Amino acid sequence: MTDRAPRLPDSPLHPVVAPCGRRFAEELLSGYLDGALTQGDEQRVRLHLEDCTECRARVREMSELREVTMSTRFAVPTDDQWDERPRGSLSLWSRRLGWILVVAWLLGITAFVLWEIAVGPQGLVEKTLVFGGLTGALLLFVSILVDRLRTLPGDRYRGVSR
Ligand SMILES: [Zn+2]
């Protein structure tokens, strides 16, 4: 049975018939994606894709892979972006560092004050009031900070349009 299957020359463009019945090389599928085929080849691939789920899946796989490659390529700044980039990330990082220092400073002061009160002569009511208030203020501050940090990358662009 296999003996009777037509044996085409095993060149890239005329491989042996694929299991799904495709009579063209897989390279044509990727050429089809790129739109790089001749009209005849393009039609041949399209017709096959219409009734071959296997090859359609293969093409989808290829195009997804290609998208990943494309987006990776776009992530690399082009030449005209180079002079803009360090300035942007520098201000971003100094702002981020600024926030971190402010938080560290605030935490230090809070810890110091709490320690002073904890070991001080104040009564339980005063201690509870101060601890509760400071903890509340700290939680509010942290929540604002988290929001700030999340919006920071966008700030860069908002600053540009101003
Ligand atoms: Zn196929």
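Structural data are supplied above this passage.
The following paragraphs examine the structure supplied in this document. (Residues numbered from 1 in each chain as written. Predicted model: local features only at pLDDT ≥ 70, side-chain atom pairs only at ≥ 80, totals over all residues. Heavy atoms only, no water.)

1. Things to note about the coordination of the zinc ion
Taken together, the protein ligands of the zinc ion are Cys20 (SG), His48 (NE2), Cys52 (SG) and Cys55 (SG), with distances of 1.9 to 2.3 Å. Coordination of the zinc ion draws on donor residues from a single chain, spaced C-x27-H-x3-C-x2-C in sequence. Like Cys52, the residue Cys55 is buried in the burial classification. (Donors = N, O, S within 2.8 Å, 3.2 Å for Na, K, Ca; no water. Buried < 20%, exposed > 50% of the residue type's maximum accessible area, 1.4 Å probe, protein only.)

2. Some points on the packing of aromatic side chains
The relative placement of two aromatic rings is captured by the distance of their centres and the angle of their planes. A complete count under the given rule lists 1 aromatic pair for this structure. Centre to centre, the rings of Trp99 and Phe141 are 6.2 Å apart; their planes meet at 45 degrees, and the pair counts as tilted. Of this pair, Trp99 sits in helix α4 (residues 84-119) while Phe141 sits in helix α5 (residues 124-161), placing them 42 residues apart in sequence. Sitting over the ring of Trp93, Arg96 keeps its end group 5.1 Å from the ring centre. (Phe/Tyr/Trp six-rings, centres within 6.5 Å; stacked < 30°, edge-to-face > 60°. Helix = DSSP H or I, 4+ residues; strand = E, 2+ residues; numbered from the N terminus. Lys NZ or Arg CZ within 6 Å of the ring centre and 35° of its normal.)

3. Quick word on the side chain of Thr110
Along the chain, the position of Thr110 falls in helix α4. One polar contact links the side chain of Thr110 to the main-chain carbonyl oxygen of Leu106, over a distance of 2.6 Å. (Polar contact = N/O pair within 3.5 Å; in protein donor to acceptor, adjacent residues only side chain to side chain.)

4. What to know about the side chain of His48
Secondary-structure assignment places His48 in helix α2 (residues 39-50). For His48, the residues in contact, after removing those within four places along its chain, are Cys20, Gly21, Arg22, Phe24 and Cys55. (Contact = heavy atoms within 4.5 Å.)

5. Here we look at the pattern of salt bridges
Throughout the structure, instances matching the rule amount to 6 salt bridges. Here Arg22 makes a salt bridge to Glu26, at a shortest N to O gap of 4.0 Å. Given a relative accessible area of 12%, Arg22 falls into the buried group. Linking Glu42 and Arg46 is a salt bridge whose minimum nitrogen-to-oxygen distance equals 3.1 Å. Of the two residues, Glu42 and Arg46 are both situated in helix α2; the distance of 4 residues between them amounts to about one turn of the helix. Take Glu42: its relative accessible area is 27%, and that puts it in the partly exposed class. In this structure Arg46 comes out as partly exposed when scored by relative accessible area, which is 34%. Overlapping salt bridges, with partners in common, bring together Arg22, Glu26, Arg58 and Glu61 in one network. (Salt bridge = Lys/Arg side-chain N within 4 Å of Asp/Glu carboxyl O.)

6. A word on the nonpolar core
Of all hydrophobic cores here, the largest spans 9 residues; its members are Phe24, Leu28, Leu29, Val45, Leu49, Cys52, Cys55, Val59 and Met62. Elements that contribute at least two residues to this core include exactly α1 (26-34), α2 and α3 (53-75). (Core = buried A, V, L, I, M, F, W, Y, C linked by side-chain atoms within 4.5 Å.)

7. As for a nonpolar patch on the surface
There is a patch of nonpolar side chains on the surface, built from Val102, Trp105, Ile109, Phe112, Val113, Val125, Leu129 and Val130 and spanning about 760 Å² of accessible area. Those elements giving two or more residues to the nonpolar patch turn out to be α4 and α5. Counting residues per element, the nonpolar patch draws most heavily on α4, at 5 residues. The topology assignment puts Trp105 in helix α4. A residue is classified by how much of its surface remains accessible, and Trp105, at 55% relative accessible area, is exposed. (Patch = residues over 30% accessible without salt bridge, like charges linked within 9 Å, V, L, I, M, F, W, Y side chains within 5 Å. Areas by Shrake-Rupley, 256 points an atom, 1.4 Å probe, with all protein chains shown as cover.)

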